[in-house]
Amino acid sequence: MSLRARARLSNGVIYAILGVLSLVWVLPIAYLVILSFKVERGPTLDGYIMPKGYTLGNYIALFTETTSFNYPQWFMNTLLVAILSCVISTAFVLMVAYTLSRLRFAARRPIINVALILGMFPGFMSVIAIYHLLKLAGLDKTLAALVLVYSGGAGLGYYIVKGFFDTIPRALDEAALLDGATRWQTFYKLTLPMSTPIITYAVLTSFMGPWVDFILAGVIMKDNYQSYTIALGLFHMLDREHITTYYTSFCAGAVLVAIPIAVLFMFMQKNYVEGVTGGAVKG
Amino acid sequence: MAKNDNGNVGGQAVGAAAGQAPRGAPERPPAHGLSGVAEAARFGDIATRLSFVLMGFGCVARRQFIKGLLFFAVEIGYLFYLIGFGLQYLSRINTLGTKLFNEVWDEKDQIFINTPGDNSMQILLFGVLTIFVTVAFALVYFASLRAAYRAQLTAASGKRPATFLEDLTSLLDRNLHSTLLGLPAVGVIAFTVLPLVFMVLLAFTNFDRAHQPPGNLFTWVGLGNFQDIFWGNPQKSTTFFHILGWTLIWAVFATFLNYVFGMVIALMINKKGIRLKGLWRFCFVLSIAVPAFVTLLLMRQMLGAQGAINILLQNVLHITDAPVNFLTDPFLAKVTVIIVNLWIGIPYTILITSGILMNIPADLYEAARIDGAKPVRQFRSITLPYMLFVTTPYLITQFIGNINNFNAIFFLTEGGPNSLDYYQGGKTDLLVTWLYRLTVNFQDYNLASTIGILVFIVCGGVSLLTFNLTASSKKEETFS
């Protein structure tokens, strides 16, 4: 067999494998979209796979039948919480990352070590205590509590942003300081404008958090349905007593959430990769 | 008026000390931390020493009025907090309460009279809160003493102590770290450290479903829970060791299968001569963009007895007669969650590795080809070492993440199928999902906290170990 024919054959095999695998990955998502247009509302299919009929009704119902499951309200709740917690967390993360990357002070090493240790406890171990503290402050079952919980501890997630700041040459800072800038000015007017990719990353990750979390939200909101976020609400559509009527609504609601998240994700893909590989990937 | 008086007193004190540093004191600003406080106690004058009782007195005496009054306000505020709220909880933290909720039948009025008992959880939580507030107060207190002594030294050297405005501007320059870390630190302490300390303490109590406040009290039991979990209680220790074993198996499989398969697919996409690279990558990455809880819940439905996959197998392909128990058979469920997790995880690996693969210097391959290296050899000697070098930290975080991978298990099987041999656990439960069950469904907080601490120890051990291994191997590597 000639070299060229062999290359052709191996490429053919690769195309076949990639084709099959792509189907495996795309089909469930396509199926979710199909189910969201299904006429029959229950989850069971009774011996057939494709729906018997298609309708836009599931989507319309999400926005019109709002007495027990108020999807538009949940959407606005999540949007509000996401925007507020995103602003606070991004500010926190940038502040901590800059301090630990650039400034030198006695407590720096201990702080880095403590942050490392805190990160190794399972996340929701502390949820119960947080709930009771919020209750003490009269904030349980409110959206404000969610904002606080999502953004309060955000400073611990400084690591990736610090990695980015570390790659900006320190000589720039020193030059600015020699020219009489204060350290605040080097942070605000020098480092931040040079860091748009990592700021985008920080903004988008913190914005996306509230759309997919339901553990914290569930513990804090309990039965306050009006203040549910999208993820929590959708999860409850699959409760045993609701699933037969709301399964297709769940699919429709999930598709609607997935669209903005997908767009945001495609947007920050490159920054995400740079973040987790510590800037090892350039280009 | 009072301010004026203070100012005069201070003025005299300054006048008396002007021009001479306290005898024997070091010729420098007060040291950091407690040694600075000790210096203030040894070498401070009257105004400085009065600050030990009246916080901020020394500052006010040196005409730093706003700073001094702020310190004083902190002292007053702390005392109010302690008397009005903190002390009643702090004083009972050693017993966690002794008075039980009581219901007494009153013959005369023919009613039950309820006397509220102690609430152990409130005592512990607010006691811990009070300890935190006290530590914070102590830090401010020490800072105020150093500030008083610093003001004394500055005045003694004939200079003017810093004005409030100067102090404020230093927060944007010399002390920028305090400004930038202040709020985030408060957030982390309030929403991470404080709750964590509370939960860690619960591991040393008997706060289980039989000791639920406000009706019941719970108290300290020392290391009893750890003893239970390791050998004291056969059912609990069986459950723990089985779940620990499965957690580690799961983490190994989930991490390395994802890594290997993801890298192979990325290599295929990136191979020279393969077209439509963007399309292939998009197909895989699309699944990341859909929130994991949505896809996982969909998968659970599809894998159920009447789900799409069983219908496909029975009615369309006629491979099986009865539904396959993908999620309810103990062994099959474990295989299924690992495979479904591959579906979730592989796209991430593809995303990350394809960027790195494109980054490997092409001349390395060129040189290898000229030397006659076959593709397999090229992969072993160039691609793999390079990849491992760049992605080791990623692998470690993935491994830790998988030990704590709540979503995959919770949404697919909720830890089930449940087992009677297990204490409130199921065959696919990880330590974290077991912890979740014990907290949310069964209120066995003490056991849950004990498990949380053990998870922490496992994660810490793994990262220490791998960190040391990779730190030594990195020196040998020549990439970078």
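Predicted, not measured: the structure shown is a model, and the values here were computed from it.

Scoring rules and cut-offs
Residues numbered from 1 in each chain as written. Chains lettered and ligands numbered in written order. Predicted model: local features only at pLDDT ≥ 70, side-chain atom pairs only at ≥ 80, totals over all residues. Heavy atoms only, no water. Helix = DSSP H or I, 4+ residues; strand = E, 2+ residues; numbered from the N terminus. Rg over C-alpha atoms; globule rule 2.2 N^0.38 Å. Contact = heavy atoms within 4.5 Å. Areas by Shrake-Rupley, 256 points an atom, 1.4 Å probe, with all protein chains shown as cover. Lys, Arg positive; Asp, Glu negative; His and termini not counted. Charge placed at Lys NZ, Arg CZ, Asp CG, Glu CD. Domains from an automatic or database assignment. Pairing = 2+ DSSP bridges. Axes fitted to C-alpha atoms, helices over the stretch in contact; angles between N-to-C directions. Left-handed = near helix turned anticlockwise from the far one by under 90°. Nonpolar A, V, L, I, M, F, W, Y, C, P; charged D, E, K, R; others polar. Core = buried A, V, L, I, M, F, W, Y, C linked by side-chain atoms within 4.5 Å. Buried < 20%, exposed > 50% of the residue type's maximum accessible area, 1.4 Å probe, protein only. Buried area = accessible area lost by both parts, 1.4 Å probe. Salt bridge = Lys/Arg side-chain N within 4 Å of Asp/Glu carboxyl O. Polar contact = N/O pair within 3.5 Å; in protein donor to acceptor, adjacent residues only side chain to side chain. Phe/Tyr/Trp six-rings, centres within 6.5 Å; stacked < 30°, edge-to-face > 60°. Lys NZ or Arg CZ within 6 Å of the ring centre and 35° of its normal. Expected span 1.5 Å × (residues − 1). Bend = angle between axes of the 7 residues up to and from the residue. Patch = residues over 30% accessible without salt bridge, like charges linked within 9 Å, V, L, I, M, F, W, Y side chains within 5 Å.

Trainee: Sorry, what's going on with the overall build of chain A here?
Mentor: Along chain A, the regular secondary structure elements total 13 helices and zero strands. In sequence order, the secondary structure elements of chain A are arranged as α-α-α-α-α-α-α-α-α-α-α-α-α. Computed over its C-alpha atoms, the radius of gyration of chain A comes to 24 Å, more than 25% above the 19 Å expected for a compact globule of 283 residues. Seen along its three principal axes, the alpha-carbon backbone of chain A occupies a region of about 75 × 75 × 30 Å. Nonlocal contacts in chain A, meaning residues at least 24 apart in sequence, comprise 69% of its contacts between residues at least 6 apart. Accessible surface computed for chain A: about 13,100 Å², of which carbon and sulfur atoms make up 68%. Distance between charge centroids for chain A: 11 Å, based on 20 positive and 13 negative side chains.

Trainee: Would you explain the domain arrangement of chain B in this entry?
Mentor: One widely used convention gives an interface's size as the accessible area the parts lose upon coming together. Examined at the domain level, chain B breaks down into domain 1 (2–202) and domain 2 (225–476). Between the C-alpha centres of domain 1 of chain B and domain 2 of chain B the distance comes to 48 Å.

Trainee: Looking at this model, I keep getting lost on the pairing of strand β1 (residues 102–106) of chain B. Mind explaining?
Mentor: Remember that side chains alternate between the two faces of the sheet whenever the strand is regular. Judged from the five bridges that link them, β1 of chain B and strand β2 (residues 111–115) of chain B form a sheet pairing that is antiparallel. Bridge pairing in β2 of chain B places E103 of chain B opposite N114 of chain B.

Trainee: Explain the packing of helix α14 (residues 330–359) of chain B against helix α16 (residues 375–403) of chain B here, please?
Mentor: Think of two packed helices as two axes; the pair is described by the angle between the axes and how far apart they sit. Residue and element names in this part refer to chain B. Between α14 and α16, the least distance of the axes is 11 Å, while the angle of their chain directions is 145°. Of the two elements, α14 crosses α16, and the hand of that crossing is right-handed. Between α14 and α16, the contacting residues are N341, Y348, T349, I352, T353, I356, L357 and N359 on the first element and T383, Y386, M387, V390, T391, Y394 and N402 on the second. Counted by class, the contact of α14 with α16 contains eight nonpolar, seven polar and no charged residues.

Trainee: Which parts of the structure should I look at to understand the nonpolar core?
Mentor: It is characteristic of soluble globular proteins that their nonpolar side chains tend to be buried jointly. Core analysis: the largest hydrophobic core is formed by 200 residues, its most contacted members being L18 and L234 of chain A together with W250 and I451 of chain B. Here this core gathers at least three residues from each of two domains, domain 1 (2–202) and domain 2 (225–476) of chain B. If we ignore the near neighbours within four places in the chain, the residues touching L234 of chain A are Y71, W74, F250, G253, A254 and V257 of chain A together with F293 of chain B. Core analysis: the second largest hydrophobic core is formed by ten residues, M55, F71, Y78 and A147 of chain B among them.

Trainee: What exactly am I supposed to notice about the interface of chain B and chain A here?
Mentor: Taken together, the contact between chain B and chain A spans 88 residues of the former and 82 residues of the latter. In total, chain B and chain A occlude about 7,700 Å² of area from one another, counting both sides; carbon and sulfur atoms represent 83% of this. The interface formed by chain B and chain A holds one salt bridge in total. One salt bridge in this structure joins R183 of chain A and D173 of chain B, with 3.4 Å as the shortest N-O distance. Run the count over chain B and chain A and you get seven residue pairs in polar contact (both at pLDDT 80 or more). Here the side of chain B that touches chain A takes 19 residues from helix α8 (residues 176–202) of chain B, the largest share from any one element.

Trainee: When you look at the pattern of salt bridges in this model, what are you seeing that I'm missing?
Mentor: When charged atoms on two side chains of opposite charge get close, those side chains can pair. Residue and element names in this part refer to chain B. A full pass over the atoms with the stated rule returns 13 salt bridges over all chains. The residue R160 makes a salt bridge to E166 at a minimum N-O spacing of 3.2 Å. Given the relative accessible area of 53%, R160 is considered exposed. As a salt-bridge pair, R437 and D429 come within 2.8 Å of each other at their nearest N and O atoms. Across the pair, D429 and R437 agree in class, each one buried.

Trainee: Explain the packing of aromatic side chains here, please?
Mentor: Each aromatic ring pair is characterised by the separation of its centres together with the angle its planes make. Per the stated rule, a full pass over the model turns up 42 aromatic pairs over all chains. Ring centres of F293 of chain B and F411 of chain B lie 6.3 Å apart, and the angle between their planes is 40°; on these two criteria the pair is classed as tilted. Linking F293 of chain B in helix α12 (residues 292–303) with F411 of chain B in helix α17 (residues 406–412), this pair joins segments that are 118 residues apart in sequence. Classification of F293 of chain B by relative accessible area gives buried; the value is 3%. By relative accessible area, F411 of chain B is classed as buried at 1%. One Lys or Arg, K222 of chain A, reaches over the ring of Y131 of chain A and ends 4.3 Å from the middle of that ring. Just above the ring of Y423 of chain B sits the side chain of K236 of chain B; from NZ or CZ to the centre is 5.1 Å.

Trainee: Can you walk me through helix α1 (residues 3–35) of chain A in this structure?
Mentor: One full turn of an α-helix is made of 3.6 residues, so residues set three or four places apart face in the same direction. Residue and element names in this part refer to chain A. In this model, α1 (33 residues) spans 48 Å end to end at C-alpha, consistent with the 48 Å of a helix rising 1.5 Å per residue. V26 marks the point of greatest bend in α1, at about 35°, and the proline P28 comes within the next four residues. For α1, every residue scored as buried is listed here: N11, I14, L18, S22, W25, P28, I29, Y31, L32 and L35.

Trainee: So what exactly am I meant to see when it comes to helix α6 (residues 120–156) of chain B here?
Mentor: Residues and elements named next belong to chain B. Across its 37 residues, α6 extends 53 Å between first and last C-alpha, which sits within 8% of the 54 Å expected from 1.5 Å per residue. Capping the start of α6, N119 holds a side-chain oxygen 3.1 Å from the backbone nitrogen of M121, two or three residues further along. Looking one or two places after α6, you find G158, whose phi comes out positive at around 85°.

Trainee: Got a minute to help me understand a nonpolar patch on the surface in this structure?
Mentor: Taken together, the side chains of V53, L54, L69, F72, I76 and F80 of chain B define a hydrophobic patch exposed on the protein surface, amounting to about 550 Å² of accessible area. Assignment of secondary structure puts F80 of chain B in helix α5 (residues 65–90).

Trainee: How should the side chain of T428 of chain B be read in this particular structure?
Mentor: All names here are of chain B. Within the secondary structure, T428 sits in the loop between α17 and α18 (431–441). Residue T428 is classed as buried on the basis of its relative accessible area of 0%. Filtering out sequence-adjacent residues up to four positions away, T428 remains in contact with W246, A333, K334, I409, T413, G415 and G416.

Trainee: Where do I start with the environment of V39 of chain A in this structure?
Mentor: Residues and elements named next belong to chain A. Among the structural elements, V39 can be located in the loop between α1 and α2 (57–64). Between the C-alpha atoms of V39 and G53, which are 14 residues apart in sequence, the distance is 5.3 Å. Those residues within four positions of V39 in sequence are excluded, and the remaining contacts are G53, Y54 and T55.

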